[in-house]
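Examining the three-dimensional arrangement
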Amino acid sequence: MTFLGWLTIFGFALILTALAMPLGRYMAAVYTGERTFLDPLFRTPERLLYKVMRVDPDRRQDWKGYAKSLIIFSLAGWLLLYFILRTQTLWDWTGLNPQHFHSGTWNVTFNTASSFMTNTNWQYYSGETTMSYFSQMAGLTVQNFLSAGVGIAVAVALIRGIIGRSGREIGNFWQDLVRTVLWVLTPIAFVVALVLVFQGSIQSFSHYLSVNTLTHLPQQIAMGPVASQEAIKELGTNGGRFFNTNSAHPFENPSGFTNLVEMLTVLIIPAALVFMYGRMAGNRRQGYAIYSTMMIMFLGAAIVAYVAEAHGSPAQHAAGLHTQVIAGSSGGNLEGKEQRFGIAGSALFDVVTTVTSCGAVNSAIESFTGIGGAVPFANLSASEVIFGGVGTGLYSILLYVLLAVFIGGLMVGRTPEYLGKKIEAREVKLIALGLLITPLTALFCTSLATASKAGRASISSAAAGSPQGFSETFYAYLSQANNNGSAFAGYTGYIQPNPGNLGAHGITFADILGGFDMMFARYAPILFALAVAGALAGKRVSPAGLGTMRTDNPTFVVLLIGVIVLVGALTFFPALLLGPIVQGLTTHLY
Amino acid sequence: MKRDIVTSAIGIVVLTLLCGILYPLVVTGISQVAFPGNANGQKIYVGGKLVGSKIIGQAFETQPTGKNGKPAVTSTGGPVLIPDPKYFQTRPSATGEPYTAGGTPDNAAGTTFSNLGPNNTATEQAIAGNIAAYLKLEQPYDPGLTAAKVPVDAANSSASGIDPDISVANADIQAHRVAAVRHLPMSTVMQLVSKYTHGRGIGFSGEPGVNVLQLNLALDRVTGGR
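Nothing here was measured: the structure is a model prediction, and the numbers come from that model.

Cut-off values and rules
- Residues numbered from 1 in each chain as written.
- Chains lettered and ligands numbered in written order.
- Predicted model: local features only at pLDDT ≥ 70, side-chain atom pairs only at ≥ 80, totals over all residues.
- Helix = DSSP H or I, 4+ residues; strand = E, 2+ residues; numbered from the N terminus.
- Rg over C-alpha atoms; globule rule 2.2 N^0.38 Å.
- Contact = placed C-beta atoms within 7 Å.
- Buried ≥ 20, exposed ≤ 12 C-beta atoms within 10 Å, placed from the backbone.
- Core = buried A, V, L, I, M, F, W, Y, C linked by C-beta atoms within 7 Å.
- Nonpolar A, V, L, I, M, F, W, Y, C, P; charged D, E, K, R; others polar.
- Pairing = 2+ DSSP bridges.
- Axes fitted to C-alpha atoms, helices over the stretch in contact; angles between N-to-C directions.
- Parallel < 35°, antiparallel > 145°, perpendicular 65-115°, else oblique.
- Left-handed = near helix turned anticlockwise from the far one by under 90°.
- Domains from an automatic or database assignment.

**Description of the overall build of chain A**
- The helix and strand inventory of chain A stands at 19 helices and 6 strands.
- Whereas a compact globule of 590 residues would reach a radius of gyration of roughly 25 Å, chain A reaches 23 Å, a difference of no more than 12%.
- Within chain A, counting contacts between residues at least 6 apart in sequence, those at least 24 apart form 78% of the total.

**Digging into the overall build of chain B**
- Along chain B, the regular secondary structure elements total 7 helices and 7 strands.
- Going residue by residue from the N terminus, the α and β elements of chain B occur as α-α-β-β-β-β-α-α-β-α-α-β-β-α.
- Since a compact globule built from 226 residues should have a radius of gyration of about 17 Å, the 22 Å found for chain B marks it as more spread out than a globular shape.
- Dimensions of chain B, computed from C-alpha atoms along their principal axes, come out at roughly 80 × 45 × 40 Å.
- Across the 226 residues in chain B, those meeting the buried criterion constitute 50%.
- In chain B, once contacts between residues fewer than 6 apart in sequence are set aside, the share between residues at least 24 apart is 53%.

**Remarks on the nonpolar core**
All names here are of chain A.
- Core analysis: the biggest nonpolar cluster contains 252 residues, and Leu158, Tyr400 and Val532 have the highest contact counts within it.
- Considering every element that reaches this core, the biggest residue donor is helix α6 (residues 133–163), with 19 residues.
- Beyond its immediate sequence surroundings of up to four residues, Leu158 is in contact with Tyr395, Leu398, Ala529, Val532 and Ala533.

**Here we look at the interface of chain A and chain B**
- Across the contact, 115 residues belong to chain A and 97 residues belong to chain B.
- If one sorts the elements of the side of chain A that touches chain B by residue count, helix α7 (residues 173–198) of chain A sits on top with 8 residues.
- In the side of chain A that touches chain B, the residues fall into 58 nonpolar, 49 polar and 8 charged.

**Comments concerning the pairing of strand β2 (residues 49–53) of chain B**
All names here are of chain B.
- Relative to β2, strand β1 (residues 43–46) is paired through 4 bridges, and the arrangement is antiparallel. Each residue of the ladder has a partner; that of Lys43, found in β2, is Ser53.
- Remark: 2 residues form the turn of the hairpin made by β1 and β2, two consecutive strands paired antiparallel; Gly47 in that turn has positive phi of roughly 55 degrees.

**Comments concerning unusual backbone geometry**
- Here the residue pair Glu97 of chain B and Pro98 of chain B is connected by a cis peptide bond, since its omega of 5 degrees sits within 30 degrees of zero.
- Looking at where Pro98 of chain B falls in the secondary structure, it is placed in the loop between β4 (82–83) and α3 (121–138).
- At Asn121 of chain A, a position not held by glycine, the phi torsion is positive, near 65 degrees.
- One can find Asn121 of chain A in the loop between α4 (106–117) and α5 (127–130).

**Topic: helix α8 (residues 226–235) of chain A**
- Most of α8 of chain A sits inside the fold, with 10 of its 10 residues counted as buried.
- Of the residues making up α8 of chain A, those classed as buried are Val226, Ala227, Ser228, Gln229, Glu230, Ala231, Ile232, Lys233, Glu234 and Leu235 of chain A.
- Structurally, α8 of chain A contributes buried residues whose contacts are with α6, α7 and α9 (256–280) of chain A together with α1 (2–34) of chain B.
- Just past α8 of chain A, the residue Thr237 of chain A takes up positive phi, approximately 45 degrees.

**Here's the deal with the sheet that holds strand β6 (residues 197–198) of chain B**
All names here are of chain B.
- Pairing in this open sheet of 3 strands is antiparallel, and the strands run β5-β7-β6 from one edge to the other. Among the strands making up the open sheet, the edge pair consists of β5 (165–166) and β6.
- In this sheet, strand β7 (residues 209–211) lies alongside β6 in antiparallel orientation, the contact comprising 2 bridges. Looking at the pairing, Thr197 lines up with Val210 of β7.

**Points about the environment of Val563 of chain A**
Residue and element names in this part refer to chain A.
- With respect to the helices, strands and loops of the structure, Val563 is situated in helix α19 (residues 554–585).
- C-alpha of Val563 to C-alpha of Ile407: the two residues are 156 residues apart in sequence and 8.6 Å apart in space.
- Leaving out residues up to four positions away in the same chain, Val563 has contacts with Tyr400, Leu403, Ala404 and Ile407.

**Focus: the packing of α9 of chain A against helix α10 (residues 284–311) of chain A**
All names here are of chain A.
- Between α9 and α10, the shortest axis-to-axis distance is 6 Å and the interhelical angle comes to 155 degrees. In terms of their interaxial angle, α9 and α10 are classed as roughly antiparallel. Relative to α10, the crossing made by α9 is right-handed. Across from Val274, Phe275, Tyr277, Gly278 and Arg279 in α9, the residues of α10 making contact are Arg284, Arg285, Gln286, Gly287, Tyr288, Ile290, Tyr291 and Met294.
- Of the residues in the contact of α9 with α10, the class split is 7 nonpolar, 3 polar and 3 charged.

**Things to note about the pairing of strand β1 (residues 209–212) of chain A**
Residues and elements named next belong to chain A.
- Every second residue of β1 is oriented toward a common face, the buried set being Leu209 and Val211 and the non-buried set Ser210 and Asn212.
- As paired strands, β1 and strand β2 (residues 218–221) are joined by 4 bridges and run antiparallel to one another. Within the sheet, the bridge partner assigned to Leu209 lies in β2 and is Ile221.
- Connecting β1 to the antiparallel partner β2 that follows it, the hairpin turn spans 5 residues, and His216 within it adopts a positive phi of roughly 65 degrees.

**Considerations on the packing of helix α5 (residues 168–182) of chain B against helix α6 (residues 186–195) of chain B**
Residue and element names in this part refer to chain B.
- As a packed pair, α5 and α6 sit with axes 9 Å apart at the nearest point and diverge in direction by 135 degrees. When the interaxial angle is binned, α5 and α6 end up oblique. Regarding α5 and α6, the two cross each other, and that crossing is right-handed. Taken together, the residues of α6 that come into contact with α5 (itself represented by Ala171, Ala175, Val178 and Ala179) are Met186, Val189, Met190 and Val193.
- In the contact of α5 with α6, the residues fall into 8 nonpolar, no polar and no charged.

**Comments concerning the domain arrangement of chain B**
- In terms of domain boundaries, chain B breaks down into domain 1 (2–39) and domain 2 (43–223).
- For domain 1 of chain B and domain 2 of chain B, the distance between their C-alpha centroids amounts to 40 Å.

**What about the environment of Val405 of chain A?**
Residues and elements named next belong to chain A.
- With respect to the helices and strands, the residue Val405 is situated in helix α14 (residues 392–412).
- For Val405, a count of 24 C-beta atoms within 10 Å corresponds to the buried category.
- With sequence-adjacent residues up to four places away left out, Val405 is seen in contact with Pro416, Tyr418, Ile423, Met549 and Thr551.

Written out as C-alpha cells, the structure is:
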C-alpha cells in the first residue's frame, strides 16, 4: 500500500462529489421541465422525435400505463438487437464487417440480446472475434443508451410518486426517455468519447492491422469504433466490452488518466441522481443522507479491496514471489492486472464497476485474492444500491429507505411516514417483494447451475471441483441477476474454436438460464418500483410533527446501512462462505 | 396498447439511427480530423513497414526453425518462442502458452485474461515458471538477482495480454542484459529507459511504466538494429 494508492481512492471520491453536485442540479432541471443551457440545442430534435414517434408528451401516465410503455419498448429493442446479431452477414454492404464474421448462434444471441436490453452486458462472446463494427454500433451501442435511459426513467417516476401531491400520474415514459437520451446521455458520452481519443483510444472503421513485429513475428491488431462505445458503456453503467479484455485493453483504456476518467464516468450519473432527488424532493438533506450512506459503504469496499490486493495471493507466495512494494514496482497481486493501473487503480475500478451495475473490468476479477474477490460479491449482494446502476441504484435504495422507515417506525412505535406520506401494508408488501426478487432469482439460478451436469459444463477446467468453481458459478448468476455483467471470466457459455462464429456453438443451459435470470431480475423489480410509485402518488401529505422520525440525519444513515447490510448478509452469507470466504481464509492451494 | 406498439416500433428505429449511427459517425469524424494518430491506433512504421502500435504490447521473441525445416511448434500447436536477448521483454501474456494451449503471446486480435484463481495450483505453477524463465534470462547478466527480487509484473500475467508497459524495477534489471548484449554503456540504456517511462495520470492515478516497444525501437536506432 502506498500514499498515492490511498490518494487515488480518496481523491476520486472528492472529485466525484464535486462533479456530481452540479450535474444533479442540471438533471433536476431537465426532469422538472425548467430551462437548461442545452435547451437551444435539443428543443427542436425533441419536438421532432415526439412527432415521428407519435407521442403526446403532455399526456401523463399512471404507473400501469408507464410500465406498459416501458415493457413494450424494451421488447421492441430486444427484437431489433436479436435480429441484427443473428443477421450479422446481412449488413456486410455497409462495409462495417471488415473481418467477415458470421452471424451469432441462437443461444448466445438470446443471452446477449437479453443482456444488453437489461443493462447487464453480460457477455459470453468475445468482441474482437465475433462482432462486426455494425453490430457493435447499431446493435450494442444503441442498447447501451436505451437501457440506461429506461433505468433513469424508472427512478424519476418513483421520485414523482414519492413527492407527488395529487393524482395518480407519475409522468410520461416517452418524454423521460427522450429527454434522458438527448439532455443527459448524448452530450456527456460525446465529450467523454473525444477525451478518450485525445488520450489514446481508437475510433476507426479500419480492418484489423497486420503487423510484422521487431522480431519478425506476425501480429494482428483488432480495431474498431471503440471510443464512442467505451464512453456510453461507462456512462450508462453498461460495461459491455468492445474487446474481450474490456477496460484492460489499451485501446479501451490507454492510461492511468483515462482510468480515472472512466471511473468518474461510471459513477457520475448514479451519484448525481441522488443530489437530483434531494432537489426534486424539496429537501436537499434527504439527498445528502442517501449520498452519505452510499459513500460510506463505497469507501469501505474500496479500502478492503485495496488492502487485500496489495497483500498478494497465496499462489504468489507459494511460488516464492515477494509482493511488497519496492522501488519501481507496485508489488501486490498483479496477476491479471495492467502495469499502468497498478494495484489501487485496479482495485478501485473493480469496486466502482461492481457497486454500480456497470460490470466493466480493467483487471481479471477471477484472479483477485479471496477477500479482494469477496468485495465484488458483497457489492452485488447489496443489490446494487451503493450508487448502483443509472436509475436502478436510486430506485432500489429508495425502496430500502422506505423499508428502513418502516422498520424504524416499528421500533419507536409510530406510524411510519416518509416525506409526510404514510407507509402502509400495501407499500411494504410491494417493497419487500421488489427487494427480494433479485436475490431469490440469483440463488435459484445458482443452485440450478451447481446441481446440474449441464450447468457444471460451464465451469473452467482449472477451477472444476474447487471452491473457485462454485465462486465462478455463483458470481455468474449473481452478476446477471443484478444486471451487473462483470464475471469470473473462466465461466463460459460459448465454445469458439476459431474467430468469427463459424463452427462455434453456445452452451444452451448457461445461455438460456442466464437470459431469463437477467430479464426476470430486471423487470420484476421495475414493476414493483413503479407500483410503489403509483401507490404513493395518490397519498395525502401530513405535516411533520414532533414524533416524526427524521430521515435526513446521521441516525437514519446508520439505520439505512444496517438494513441494507442485514438484508444482503441474511440472504447471501451461506453462499458466500462456500466460495470467496473459504478462499480468503486459507492459504491452501487447490 | 396499439399506440405503444406503434411508438415503440418507430422509436427503436429512430433512436437506433440517432445513437447507433449518427453518434458514432460524428465521434469518428471529429476524431479522425482532430486526433488522427490516436484514432487509428498510434501506428509505428520503420522503413515504411508497419511494426506495431505504440500502446499494444508485442512479444520480443524469435521462433527457431524445427527439425522439419518449418518454424518450430509446441506439442499443443503454439509457436516455440525464445526471448531475443537484445530486446527488453514484455510481461507474461495469457494469450500465449502455457496459459492458452496453442496460443500466441500478445495476440491483439484475441485478447484474454489468464483467469487463474488466487488459490489454484495452476496459478502457482504459472508464476513459478515465469520466475524461472526470468532468472534464466537475466541472472547471467545480473548475478545478484534472486527469486525474491523478481518484480511482480515480470512474474504475473497481464490483464489484457498485450500490456505495453513493464515496471521501472523490471526495466532496471533487464537493462543489464540489454547493455551487455548490445555492447552499450549501462548509462546509455538507463537514459533511454527513463526517456520512455511515463508517469502517473495527473500525478497520482495509476503506476509509472516503461513503454517496451518504444524503448526497443530507440535501442535499435542507437545500435543500428544489431
